[in-house]
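The chain contents come next:
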Amino acid sequence: MSTSSAVEAGFVELERQRELIANCTALYKELSDHFSSVERCLELRSESVRSNRRILDISTQRKLAFLQRREESIDGSVDIAMARVEKLRRSYVYPLSSAGDDTDLPAVLRTLCAKMDSDAFFDLIVSSRKESDLLWKEIPLALKESIDPANFVMDAIARVFPVDRRAVKSPPGDLGWVCVLLLESLVSVLADPELGAERPLVTRIVKERAKKIAESWKLEMEQRGGVENAKAQDVHAFLQHLVTFGIGVKEEREFYMKLVVNFSRRKQMPKLATSLGLEDKMSDIIEELIVKGHQLDAINFAYESGLQEKYPPVPLLKSYLKDAKKGASMISDDPKNTGHSTNNACRKELSAIRAVMKCIEEHELKAKFPTENLQKRLENLENAKAEKRKAAGGPANKRTRTNNGGPMPPAKAGRLTNNAHVSSFPAPVPAFVMSPSHTTAYSTPPFSPYPYERAAAVHGFYGSHSPPAMREVYAYPTKEMSPTSIAVPYPSPPISYPTYGGYVNGIGAYGNIMPPQYQQTYYR
């Protein structure tokens with residue numbers, strides 16, 4: 001072999017070795033990166049495991065401490081219960097002897113509880129609904145006079161919950177509000193004297209009876225078309241029943257969540273949701289409410305669960321207002337709509353603005369969302385509405401008193417045929433009087449039994465949202481409805497609404513494309 005051939009072969013071999021070394025280097029780098037990635041992943045997983053273990057340790061310690069407190073409180077609870085039984089035994093003769101003569105409502109309530117006369121007790125509450133302030137204050141005290149308050153309340157509401165079994169609907173209308181009142185009042189009565197409401201003193205037999213009632217309600221609801229066809233009053237009473245007797249089931253949480261989302265307009269729903277163990281589902285609930293256009297409900301749930309930082313309220317308020325304006329504009333700009341439809345659009349927008357202002361007040365958001373422009377817009381809409389009435393030649397209020405010029409009382413609400421299904425609040429008014437989509441949501445709330453609400457002149461979507469500790473406020477029926485909720489047709493052409501005055505600078509992070517589904521008035 002010549003020298004040149006040998007040199008050429010040597011260079012070829014060197015090139016082959018260079019390529020081999022380059023391939024080995026690339027493979028080594030690839031393997032190094034892979035193992036580094038695996039190591040990082042293992043470190044992250046290890047940290048996650050350590051974090052979960054710390055959380056589990058804390059949770060375990062809390063539960064062990066809770067069990068220890070429960071064990072230590074048993075003797076004290078038994079002593080308190082025995083003392084209470086002895087007190088009731090000694091005082092039992094007096095209410096029995098004075099029952100026929102006493103006309104004082106609190107005394108009669110206590111007497112009926114001591115006698116365990118659940119039917120008369122229920123009838124007395126129904127007939128005394130105008131004494132709602134007194135009822136709310138005295139019923140928990142009266143129930144403490146009962147030797148078995150849990151069974152006493154279930155006996156009292158049995159005629160209308162879970163199903164209205166009255167052969168004759170007298171008094172007419174739904175009486176579910178009584179059920180909610182009694183179930184809510186019972187919470188403080190069943191609370192453990194040492195641990196409070198977190199451990200209701202409910203016996204196994206009472207729980208079994210309460211569970212049967214809950215199952216009966218679910219069966220009745222399914223027979224009537226499921227959750228979509230259930231009434232908010234029924235759902236409210238059912239969920240309060242679960243919370244009062246502590247019979248919520250972990251396996252049913254998806255069902256509870258569906259009920260809460262579908263009837264989120266109830267002011268008590270956030271509190272009921274947390275009481276039913278849906279804390280870890282709150283983010284899902286809030287996001288679903290935002291998608292549905294129920295931004296105000298989402299804000300309430302966010303504040304109840306402490307997620308207001310994750311779901312800031314200001315973008316949600318702006319989104320809600322933008323949807324309200326868009327929906328009103330679509331109605332008023334449609335040439336096919338009558339003056340009556342235009343007035344409905346105006347009322348909806350007014351309701352939305354008032355609801356937002358109330359929400360801002362409740363959650364102290366004025367620093368983040370000033371209400372001056374909202375107030376101006378509200379005044380402009382009200383002035384435009386008044387001008388349209390003048391142009392139509394009709395009086396501002398058609399119901400006037402002829403003898404002294406003073407305003408007439410509100411018109412009586414229309415009555416519907418009674419439903420065998422329990423209702424927690426008054427039946428809805430027929431559409432020709434006040435349909436849900438045309439409700440003036442900021443009108444005076446129906447017969448609120450709580451004085452601080454009436455004193456604050458709470459209206460519409462957002463009633464008082466700062467109830468005393470460990471209780472929420474519930475609604476009670478009224479035979480009257482606000483004159484502002486009466487739909488009055490106006491034959492004149494549609495009105496041109498004033499501009500917003502710049503109170504919404506954008507839809508924020510949660511804008512909706514479709515027009516809003518206006519939330520109905522919240523009852524308290």
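What counts and how
Residues numbered from 1 in each chain as written. Predicted model: local features only at pLDDT ≥ 70, side-chain atom pairs only at ≥ 80, totals over all residues. Heavy atoms only, no water. Helix = DSSP H or I, 4+ residues; strand = E, 2+ residues; numbered from the N terminus. Buried < 20%, exposed > 50% of the residue type's maximum accessible area, 1.4 Å probe, protein only. Contact = heavy atoms within 4.5 Å. Areas by Shrake-Rupley, 256 points an atom, 1.4 Å probe, with all protein chains shown as cover. Axes fitted to C-alpha atoms, helices over the stretch in contact; angles between N-to-C directions. Parallel < 35°, antiparallel > 145°, perpendicular 65-115°, else oblique. Left-handed = near helix turned anticlockwise from the far one by under 90°. Nonpolar A, V, L, I, M, F, W, Y, C, P; charged D, E, K, R; others polar. Patch = residues over 30% accessible without salt bridge, like charges linked within 9 Å, V, L, I, M, F, W, Y side chains within 5 Å. Salt bridge = Lys/Arg side-chain N within 4 Å of Asp/Glu carboxyl O. Pairing = 2+ DSSP bridges.

## Describing the overall build of the protein
Stage number 1. What the protein contains, in helices and strands, is 18 helices and 2 strands.
Stage number 2. Within the protein, the proportion of its 524 residues that are buried is 44%.
Stage number 3. Residue pairs in contact within the protein that sit at least 24 positions apart in sequence constitute 78% of those at least 6 positions apart.
Stage number 4. Carbon and sulfur atoms make up 55% of the accessible area of the protein, which totals about 27,700 Å².

## Points about the packing of helix H3 (residues 105-115) against helix H4 (residues 118-127)
Stage number 1. For the pair H3 and H4, the least separation of the axes is 9 Å and the interaxial angle reads 155°. Looking at the two axes, H3 sits roughly antiparallel to H4. The handedness of the crossing between H3 and H4 is left-handed. For the pair formed by H3 and H4, the contact residues are Leu105, Val108, Leu109, Leu112 and Cys113 on the first element and Ala120, Phe121, Leu124 and Ile125 on the second.
Stage number 2. Broken down by class, the residue content of the contact of H3 with H4 amounts to 9 nonpolar, no polar and no charged.

## Side note on a nonpolar patch on the surface
Stage number 1. A surface patch of nonpolar side chains, about 330 Å² in accessible area, is lined by Val7, Phe11 and Leu14.
Stage number 2. Along the chain, the position of Leu14 falls in helix H1 (residues 3-91).
Stage number 3. You can call Leu14 exposed: its relative accessible area is 56%.

## Quick word on the side chain of Thr274
Stage number 1. For Thr274, the position within the fold is in helix H11 (residues 269-275).
Stage number 2. Accessibility expressed as a relative area gives 16% for Thr274, which makes it buried.
Stage number 3. Those residues in contact with Thr274, other than ones at most four positions away along the chain, are Glu279, Met282 and Glu304.

## Looking at the pattern of salt bridges
Stage number 1. The tally for this structure, following the rule as stated, stands at 21 salt bridges.
Stage number 2. For Glu220, the salt bridge is made with Arg224, and the minimal N-O distance between the two is 2.8 Å.
Stage number 3. Accessibility expressed as a relative area gives 15% for Glu220, which makes it buried.
Stage number 4. A relative accessible area of 32% places Arg224 in the partly exposed class.
Stage number 5. Here Glu362 ties to Lys267 by a salt bridge, and the two come within 3.6 Å at their closest N and O atoms. Within this pair, whereas Glu362 is found in helix H15 (residues 339-362), its partner Lys267 is found in the loop between helix H10 (253-262) and H11, the two being separated by 95 residues in sequence. In terms of burial, Glu362 and Lys267 fall into one category: buried.
Stage number 6. One salt-bridge network, held together by shared partners, links Glu47, Arg50 and Arg54.

## Brief notes about the pairing of strand E2 (residues 196-200)
Stage number 1. Inspection of the sheet shows strand E1 (residues 191-192) paired to E2 by 2 bridges, in the antiparallel sense. Paired with Ala191 across the bridge in E2 is Pro200.
Stage number 2. From the end of E1 to the start of E2, which pair antiparallel, there are 3 residues.

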